[in-house]
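# Inside the fold
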Amino acid sequence: MNKDLFLGNKVTRSSVVLLIVLFVCFVLLAALIHTPVVAQIDKSLLLALRDSADVRQGWGPLWVGEWMRDMTALGSNWLIGCFGLMLAGYLRLTGKGYLAVYFLGVIFFGMAFSFLLKWGFSRPRPELVPHATKVYTSSFPSGHAMSSALFFLSSALVLGWQSAQRLAARWLLIMALVIPLGVSLSRVYLGVHWPSDVVAGLCAGFFWALLCFSLARPFLVRAAST
């Protein structure tokens, strides 16, 4: 990864390329979700996480299922809202009110965008296996995957983009990638999303966080210097 891809004060060519890749991946998935090829891949991957003797049960011992339910909560809008307010309050109290406003705006409008996408596509939830957790909205893209991606990446960016401790900032970025991947895996394991739903959610969430940061970075730099 280019060391200046997310960190520093300038938008790099690499970040623009990444934005394009994320956008294209989402568009392709949206166009192909109803094709037989994607349907077969979705089905195969979903069943790969089930007990081969009984598809009603998730793969592995009972603690795996408990871990997945705990992990999936990290993409909950309620939990993200609480963490978001906590981080925004911290930024405001440490003299970075401009970052707090930016951060809350990214999270709020990102979640709203997620609901609009779900409403627009209205893809039914998987019925191949029982749902191991309650669901209330449509399937594409995964709201948990998208919300966790945009929240954790945005958190890492506002905390680390001007940090002199580059190693610590990169650690935040690594965790901002790993945690949404875990959330996405949990959604498929729990039987409430197709794999294509969570991949699309990750693409949309990372795209939103990176797009907002790229557009806002000049204004944030100016605010930080005043």
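Heads up: these notes are all about the structure in this document.

Quick notes on the rules
- Residues numbered from 1 in each chain as written.
- Predicted model: local features only at pLDDT ≥ 70, side-chain atom pairs only at ≥ 80, totals over all residues.
- Heavy atoms only, no water.
- Helix = DSSP H or I, 4+ residues; strand = E, 2+ residues; numbered from the N terminus.
- Rg over C-alpha atoms; globule rule 2.2 N^0.38 Å.
- Contact = heavy atoms within 4.5 Å.
- Core = buried A, V, L, I, M, F, W, Y, C linked by side-chain atoms within 4.5 Å.
- Buried < 20%, exposed > 50% of the residue type's maximum accessible area, 1.4 Å probe, protein only.
- Phe/Tyr/Trp six-rings, centres within 6.5 Å; stacked < 30°, edge-to-face > 60°.
- Salt bridge = Lys/Arg side-chain N within 4 Å of Asp/Glu carboxyl O.

## Concerning the overall build of the protein
Check the secondary structure of the protein and you find eight helices and two strands. Reading the helices (α) and strands (β) of the protein from amino to carboxyl end gives α-α-β-β-α-α-α-α-α-α. Scaling as 2.2 N^0.38, a compact globule of 226 residues should have a C-alpha radius of gyration of about 17 Å, and the protein matches this with 18 Å. Taking all contacts inside the protein whose residues are at least 6 apart in sequence as the whole, residues at least 24 apart take part in 77%.

## Let's talk about the nonpolar core
Ranked by internal contacts, the top residues of the largest apolar core, which has 53 residues, are Phe26, Tyr102, Ile107, Phe140, Leu153, Val158 and Leu220. Among the secondary structure elements, those contributing two or more residues to this core are helix H1 (13-32), helix H4 (77-93), helix H5 (97-121), helix H6 (143-160), helix H7 (166-189) and helix H8 (195-224). Among the elements that take part in this core, H8 stands out by supplying 14 residues, more than any other. If sequence neighbours within four positions are ignored, Leu153 has contacts with Leu173, Ala176, Phe206, Ala209 and Leu210. One finds Val64, Tyr189, Leu190 and Val192 within the second-largest nonpolar core, a separate group that totals five residues.

## A short note on the packing of aromatic side chains
Throughout the structure, instances matching the rule amount to eight aromatic pairs. Summarising the aromatic geometry, the rings of Phe26 and Phe121 are spaced 6.2 Å apart at their centres and angled 75° between planes, so their arrangement reads as edge-to-face. Residue Phe26 is found in helix H1, and its partner Phe121 is found in helix H5; the two are separated by 95 residues along the sequence. Residue Phe26 is classed as buried on the basis of its relative accessible area of 13%. On the basis of relative accessible area, Phe121 is assigned to the partly exposed category, the value being 30%. The structure contains a cluster of three or more aromatic residues connected by ring pairs, namely Phe26, Phe121 and Phe140.

## Here we look at the pattern of salt bridges
Evaluated as defined, the whole model comprises three salt bridges. For the salt bridge of Arg123 with Asp42, the shortest nitrogen-to-oxygen distance reads 3.1 Å. In this pair, Arg123 sits in the loop between H5 and H6 while Asp42 sits in helix H2 (residues 36-48), placing the two residues 81 residues apart along the sequence. Judged by its relative accessible area of 7%, Arg123 is buried.

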